[in-house]
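Single-letter residue listing:
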Amino acid sequence: MADNFSWLHRGIAEVFPQPTDAESDIESLEKRLATTDRPLRVKYGIDPTGADIHLGHSIPMRKLRGFQDAGHTAVLIIGDFTARIGDPTGKSEMRRQLTEADVKQNAQTYLDQVRPILDFDTPGRLEVRYNSEWLSRLDLGKITELLATMTVGQMLAKEGFADRYKKENPIFLHEFLYPLMQGYDSVAIEADVELGGTDQKFNIAVGRDLQRHFGQKPQFGVLLPILIGTDGVQKMSKSLGNYVSLSEHPGQKYQKLQGVPDQLLKEYFELLTDLPIDTLPENPRDRQMLLAWEIVKQYHGEEAANEAKEAAKSGGKEGAVPEFSLAGISQFPVKLAYLLGATGLCKSTGEGKRKIQEGGVRLDGDRISDADTSFPQPDELLGRVLQVGKNKFVRLVP
């Protein structure tokens, strides 16, 4: 294998462990990559706790693709079991526990959204595993064994738990199981490398400890930055509205990305594209437009990127997506299924209802699965984008 690891080092925050003068016998990840006689197993886990993936989530996926292109095996773990607990990392209170049906539906949309990033076709390059495969079979004896590998003090050293303990916010015992179960995923699939955000170091380190406990060679951890959102201030988050969803219309993506603050452009290019940083345009506005075009091209193709660029030039924000005037709806409240037929996104109210039940309808990127959903007033819909499937969109206007 080639010894040029520029693909590995681009846009990473930390690789651990690293050799030091005190521990010179520790092997580096670069050495492991250069000398291995088999494809390494590179783990990344996603808990399908929501329906959408945004560009921040794409960063570890892109690094996973880098390992695939270097000849290694990406092991994408769908945390259908752990999602029902919820990762407590960074949370000030217990997460809502999801139902099995919620998780199953979210998992399928996650896979659909990462297809443009990962190599799903080359034999041996991708394994998609569901951690219920092994976690649902753990008996009380095995769970006790896992719990015995850590102390309460070690758990309380985890940032989120420590903050909640100081504030006397409840910490439930099942939450202590989360890092242990995520760590056990590494044992179950015999991971050589695990990818995660900088907030996942504790959980990845637990995986290393459990691999040692079960007689395996501990994995390397590769930590990746948390993407700052389009507001330029806080991390990208759907709840903060500063996100770009992978499922969004190309025009919406382009509009959001061409407004990324100047100080974030280098980071966005480094983390979200493969373009050489030293070849970028000097003018910040040119950089913004190149960023928007490049990312839309990645997910929708060059033709869609060119169309989004032209729509942004000629019509501004509203010109990027076809419009439907709500003045054409004679009476409110209106059922969503009827609205789908009226906009032409579906052939009829009946088809609209079926599309909702199948999980194919979104409003501003949020999936709506209740076929009886209705809207009392047009104000609730103005300016929002109604979507059916991947390619049908309308913006609802007065």
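What you see is a predicted model, and the numbers here were worked out from it, not measured in a lab. (Residues numbered from 1 in each chain as written. Predicted model: local features only at pLDDT ≥ 70, side-chain atom pairs only at ≥ 80, totals over all residues. Heavy atoms only, no water.)

## Considering the overall build of the protein chain
(1) Moving on: What the protein chain contains, in helices and strands, is 16 helices and 13 strands.
(2) Moving on: In terms of overall dimensions, the protein chain is globule-like: its C-alpha atoms have a radius of gyration of 23 Å, near the 21 Å expected for 398 residues.
(3) Moving on: Counting only C-alpha atoms, the protein chain reaches 70 × 50 × 45 Å along its principal axes.
(4) Moving on: The contacts of the protein chain with a sequence gap of at least 6 include a subset with a gap of at least 24, amounting to 71%.
(5) Moving on: Of the roughly 19,000 Å² that the protein chain leaves accessible, carbon and sulfur atoms contribute 49%. (Helix = DSSP H or I, 4+ residues; strand = E, 2+ residues; numbered from the N terminus. Rg over C-alpha atoms; globule rule 2.2 N^0.38 Å. Contact = heavy atoms within 4.5 Å. Areas by Shrake-Rupley, 256 points an atom, 1.4 Å probe, with all protein chains shown as cover.)

## A look at the environment of Q263
(1) Moving on: Looking at where Q263 falls in the secondary structure, it is placed in the loop between α11 (250-257) and α12 (265-272).
(2) Moving on: Sequence separation between Q263 and L339 is 76 residues, and the spatial gap between their C-alpha atoms is 41 Å.

## As for the environment of L280
(1) Moving on: Within the element layout of this structure, L280 appears in the loop between α12 and α13 (284-300).
(2) Moving on: Along the backbone, L280 and K266 are 14 residues apart, and their C-alpha atoms lie at a distance of 9.0 Å.
(3) Moving on: What L280 contacts, discounting residues up to four positions off in sequence, is F269, L275, R287 and L290.

## Quick look at α12
(1) Moving on: Along α12, the residues classified as buried are L265, Y268, F269, L271 and L272.
(2) Moving on: Where the residues of α12 are buried, they touch α3 (55-69), α11 and α13. (Buried < 20%, exposed > 50% of the residue type's maximum accessible area, 1.4 Å probe, protein only.)

## Points about the nonpolar core
(1) Moving on: L55, L76, V193, L195, L257 and Y268 are the most contacted members of the largest nonpolar core, which has 54 residues in total.
(2) Moving on: When residues no more than four places from it in sequence are discounted, the contact partners of L257 are L55, V244, Y268, Q288, L291, A292 and I295.
(3) Moving on: I329, L336, A371 and V394 belong to the second-largest nonpolar core, a separate cluster that totals 22 residues. (Core = buried A, V, L, I, M, F, W, Y, C linked by side-chain atoms within 4.5 Å.)

## Considering the pairing of strand β6 (residues 220-224)
(1) Moving on: Counting buried residues along β6, 5 of its 5 residues qualify, which places the element largely inside the surrounding structure.
(2) Moving on: Burial along β6 is two-sided: F220, V222 and L224 facing one way and G221 and L223 facing the other are all buried.
(3) Moving on: In the sheet, strand β1 (residues 14-16) pairs with β6 via 3 bridges, with the strands oriented antiparallel. Its bridge partner being in β6, E14 is matched across the sheet by L223.
(4) Moving on: As paired elements, strand β5 (residues 193-197) and β6 share 5 bridges and run parallel to each other. When the sheet's bridge partners are listed, V193 is paired in β6 with F220.
(5) Moving on: Considered for its hand, the β-α-β crossover made up of β5, helix α10 (residues 201-213) and β6 is right-handed. (Pairing = 2+ DSSP bridges. Right-handed = clockwise from strand over helix to strand, strands pointing away.)

## Remarks on the sheet that holds strand β4 (residues 126-130)
(1) Moving on: Taken in spatial order, the 6 strands make up an open sheet running β1-β6-β5-β2-β3-β4, and their pairing is mixed. Both outer strands of the open sheet, β1 and β4, are each paired with one neighbouring strand and no more. Ignoring which end each strand starts from, the neighbouring axes of this sheet average 25° apart.
(2) Moving on: Packed onto the sheet, α3 meets β2 (41-46), β3 (73-78), β4, β5 and β6 and runs at close to 160° relative to β2. (Axes fitted to C-alpha atoms, helices over the stretch in contact; angles between N-to-C directions.)

## Remarks on the packing of helix α9 (residues 173-189) against α10
(1) Moving on: Closest axis-to-axis distance for the α9/α10 pair is 7 Å, and the angle between their directions is 55°. Between α9 and α10, the angle is such that the two are oblique. When you trace α9 past α10, the crossing you get is right-handed. Contacts between α9 and α10 pair Y178, P179, L180, Q182, G183, Y184, S186 and V187 from the former with F202, N203, V206, G207, L210 and Q211 from the latter.
(2) Moving on: Residue composition of the contact of α9 with α10, grouped by class: 8 nonpolar, 6 polar and no charged. (Parallel < 35°, antiparallel > 145°, perpendicular 65-115°, else oblique. Left-handed = near helix turned anticlockwise from the far one by under 90°. Nonpolar A, V, L, I, M, F, W, Y, C, P; charged D, E, K, R; others polar.)

## So, the pattern of salt bridges
(1) Moving on: Scanning the model with the defined rule gives 16 salt bridges in all.
(2) Moving on: With a shortest N-O distance of 3.6 Å, E27 and K217 are connected by a salt bridge. You can see E27 sitting in the loop between β1 and α2 (29-35) and its partner K217 sitting in the loop between α10 and β6, a full 190 residues away along the chain.
(3) Moving on: Here E27 falls in the partly exposed class, since its relative accessible area comes to 22%.
(4) Moving on: A salt bridge links D69 to R65; the shortest N-O distance between them is 2.9 Å. On the criterion of helical spacing, the pair formed by D69 and R65 is a turn pair, its members being 4 residues apart in helix α3.
(5) Moving on: Classification of D69 as exposed rests on a relative accessible area of 56%.
(6) Moving on: If you follow the salt bridges from partner to partner, you end up with E27, R32, R38, D192 and K217 in one network. (Salt bridge = Lys/Arg side-chain N within 4 Å of Asp/Glu carboxyl O.)

## Overview of the packing of aromatic side chains
(1) Moving on: The final tally for this structure, using the stated rule, is 3 aromatic pairs.
(2) Moving on: Aromatic pair W7 and F67: ring centres 4.9 Å apart, planes at 85°, arrangement edge-to-face. Pair noted here: W7 is in helix α1 (residues 6-9) and F67 is in helix α3, with a separation of 60 residues, a long-range link.
(3) Moving on: Judged by relative accessible area, which is 0%, F67 ranks as buried.
(4) Moving on: When the ring of Y184 is compared with that of F214, the centres are 5.7 Å apart and the planes differ by 70°; the resulting orientation is edge-to-face. With Y184 in helix α9 and F214 in the loop between α10 and β6, the pair connects residues that are 30 residues apart, well separated along the chain.
(5) Moving on: The aromatic ring of F16 is capped on one face by K201, whose charged end is 5.1 Å from the ring centroid. (Phe/Tyr/Trp six-rings, centres within 6.5 Å; stacked < 30°, edge-to-face > 60°. Lys NZ or Arg CZ within 6 Å of the ring centre and 35° of its normal.)

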